[in-house]
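Fold and contact review
Here's the letter readout for the chains.
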Amino acid sequence: KNLLFSGLTAVEKKLAEYKCNTNEAIQLKLVRFPEDLEDDNTTFNPEYSHQVFGDDEVAFGYKGLKILLYYIAGNLSTLFRVEYTSKVNEKFDCVEADDVESKIREIIPPGFCTNTDDFVSLLEKEVNFKPFGMLLHTYSIHNEEAAEDITYQIYKADMTCPGFREYHERLQTFLMWFIETASFIDVDDERWNYFLVFEKYNKDGATLFATVGYMTVYNYYVYPDKTRPRVSQMLILPPFQGEGHGAQLLETVHRYYMSSPTVLDITAEDPSENYVKLRDFVLVKLCQDLLCFSPVKLMQGFSQEMVTEAQQKLKINKQHTRRVYEILRLRATNMGDAEQSRSYRLDVKRRLIGPYKKKQRELAKMRRCLRPEEMTNQLNQIDLNLQREQLEESFQQLVSDYRRVLERLAQA
């Protein structure tokens with residue numbers, strides 16, 4: 001029995017050595033120069049790989065597994081290779097290794113290179129790559145490392161741009177690695193708009209363009225003659241994160257739709273926490289100079305005038321306008337003053353308590369049918385204390401988020 005048991009653990013041990021974490025195994029690169037291929041500093045890894053490799057994010061059957069996905073910086077032509085130091089053998093180990101290659105092939109479009117030489121010769125043609133669509137905005141950011149200002153451009157593209165469909169297929173593969181619930185969109189639906197960010201860089205005296213990130217927006221129809229653009233996916237590629245490109249992109253998209261009389265307001269689909277923080281910053285930046293948000297008016301409370309003006313001039317919906325109001329009112333409030341601070345707290349908590357009150361009413365209805373009166377009162381009391389705590393917690397969390405937005409605004 002012991003012999004059998006120790007035999008098992010030996011096999012298990014051996015098999016465990018053949019498990020690789022796919023987030024570490026997948027190595028991504030955006031290549032501008034041939035030397036980038038050998039430079040570990042240009043490599044980055046996925047945050048997620050569960051959509052391709054299952055919830056454990058593990059590939060079985062290999063030691064030293066490397067899944068190389070290298071992209072040419074501009075047009076995203078792809079090099080895909082799988083490397084490993086050893087692999088389980090069905091004949092000897094009686095188990096089969098995962099078919100890593102076919103899993104990756106399911107999400108990357110055909111037409112990729114499998115050897116470095118082909119990839120490098122494509123890299124030489126990159127000088128011909130130009131951004132797709134219509135230029136909306138140019139901005140520059142000072143880069144400490146290079147000690148110079150780097151120029152970026154934002155374009156609006158659609159499927160009628162030659163080559164864009166194929167480019168978009170390569171671009172969207174990044175979603176799988178960096179957005180937890182990513183899905184590919186139906187590009188044949190003409191109501192999609194695509195906004196792309198590029199960096200301009202120099203190579204051998206020529207100006208080239210590198211892909212920085214993008215956003216997809218779906219234009220929902222609103223009866224009778226309006227649309228409501230909804231931000232679907234937004235990704236700034238990891239080498240460019242934390243530099244302010246997300247804010248530039250979102251503001252540019254807002255400005256693009258602001259000029260359109262048929263647009264009602266802009267929403268977002270299932271926004272992440274980071275996206276909400278970004279949106280708070282951009283919308284407050286856009287709104288702060290509107291007359292309806294003057295300090296005097298902020299102190300008088302949230303008003304229909306704010307809702308109307310933000311929607312008509314900036315295409316911001318009511319819910320987002322309310323957040324903008326709370327952030328700007330915090331800036332105008334002296335939180336050291338007991339009266340001002342109490343007034344602000346009550347104002348925000350009144351909004352936060354809405355959902356609680358609704359839940360409370362529903363519970364009360366249920367309990368009336370189920371339990372004697374005194375029981376209900378006791379339970380309501382417990383609920384109220386818990387509710388107060390949760391409410392205070394939500395309020396504190398909100399204020400600290402709002403302060404971060406205001407700090408970023410002060411630096412902008």
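Note that the structure is predicted; figures quoted are calculated from it, not measured. (Residues numbered from 1 in each chain as written. Predicted model: local features only at pLDDT ≥ 70, side-chain atom pairs only at ≥ 80, totals over all residues. Heavy atoms only, no water.)

A word on the overall build of the protein chain. When its secondary structure is counted, the protein chain shows 15 helices and 14 strands. In terms of its C-alpha atoms, the protein chain occupies a principal-axis envelope of roughly 75 × 75 × 45 Å. Burial status across the protein chain gives 44% buried among its 412 residues. Across the protein chain, contacts joining residues at least 24 apart in sequence account for 67% of those joining residues at least 6 apart. If you sum the accessible surface of the protein chain, you get close to 22,600 Å²; carbon and sulfur atoms cover 49% of it. (Helix = DSSP H or I, 4+ residues; strand = E, 2+ residues; numbered from the N terminus. Buried < 20%, exposed > 50% of the residue type's maximum accessible area, 1.4 Å probe, protein only. Contact = heavy atoms within 4.5 Å. Areas by Shrake-Rupley, 256 points an atom, 1.4 Å probe, with all protein chains shown as cover.)

Attention shifts here to the UniProt feature "active site" (unreviewed entry) in the protein chain. The UniProt entry lists Glu 269 under the feature "active site" (unreviewed entry), expressed in the numbering used here. Looking at where Glu 269 falls in the secondary structure, it is placed in the loop between β14 (267-268) and α10 (273-287). Dropping the residues within four chain positions of it, Glu 269 is found in contact with Arg 230, Val 231 and Ser 232. (UniProt positions renumbered as here; feature names shortened; annotations may be inferred.)

Glancing now at the environment of Val 405. Here Val 405 lies in helix α15 (residues 373-411). Of the residues examined, Val 405 reaches a relative accessible area of 4% and is grouped as buried. C-alpha of Val 405 to C-alpha of Phe 209: the two residues are 196 residues apart in sequence and 31 Å apart in space. Contact partners of Val 405, with chain neighbours within four places excluded, come to Lys 277, Asp 280, Phe 281, Val 284 and Ile 327.

What follows deals with the layout of surface pockets. Looking at the largest pocket, its volume works out to about 1,600 Å³. In this structure, the largest pocket is lined by 45 residues; those nearest its centre are Met 234, Ser 272, Asn 274, Tyr 275 and Leu 278. Take the lining of the largest pocket: its biggest share by element is 7 residues, from α10. For the lining of the largest pocket, a count of residues per class yields 20 nonpolar, 13 polar and 12 charged. By volume, the second largest pocket amounts to about 870 Å³. Lining the second largest pocket are 27 residues, and of these Arg 32, Asn 143, Ile 150, Glu 199 and Phe 240 sit closest to its centre. Where the lining of the second largest pocket is concerned, the elements lending two or more residues are β3 (43-44), β9 (134-143), β10 (148-157) and β11 (192-203). Top element by residues in the lining of the second largest pocket is β10. It accounts for 5 residues. (1 Å grid on protein atoms, 1.4 Å probe; cavity = no way out; pocket = protein on both sides within 12 Å on 5 of 7 lines; lining within 4 Å. Points joined across faces, edges and corners; volume = space filled by probe spheres on them. Nonpolar A, V, L, I, M, F, W, Y, C, P; charged D, E, K, R; others polar.)

The next subject is the domain arrangement of the protein chain. Along its sequence, the protein chain is carved into domain 1 (16-126) and domain 2 (130-331). For domain 1 and domain 2, the distance between their C-alpha centroids amounts to 31 Å. At the interface, 28 residues of domain 1 touch 26 residues of domain 2. In this assembly, domain 1 packs against domain 2 so that about 2,400 Å² is buried in total across both faces, 65% of it on carbon and sulfur atoms. Seen at the junction of domain 1 and domain 2, the total is 1 salt bridge. Its salt-bridge partner being Glu 199, residue Arg 32 comes within 2.9 Å of it at the nearest N-O pair. Where domain 1 packs against domain 2, one counts 11 residue pairs in polar contact (both at pLDDT 80 or more). If you list the elements that add at least two residues to the side of domain 1 that touches domain 2, you get β2 (26-31), α3 (50-53) and β6 (66-72). Broken down by class, the residue content of the side of domain 1 that touches domain 2 amounts to 17 nonpolar, 8 polar and 3 charged. (Domains from an automatic or database assignment. Buried area = accessible area lost by both parts, 1.4 Å probe. Salt bridge = Lys/Arg side-chain N within 4 Å of Asp/Glu carboxyl O. Polar contact = N/O pair within 3.5 Å; in protein donor to acceptor, adjacent residues only side chain to side chain.)

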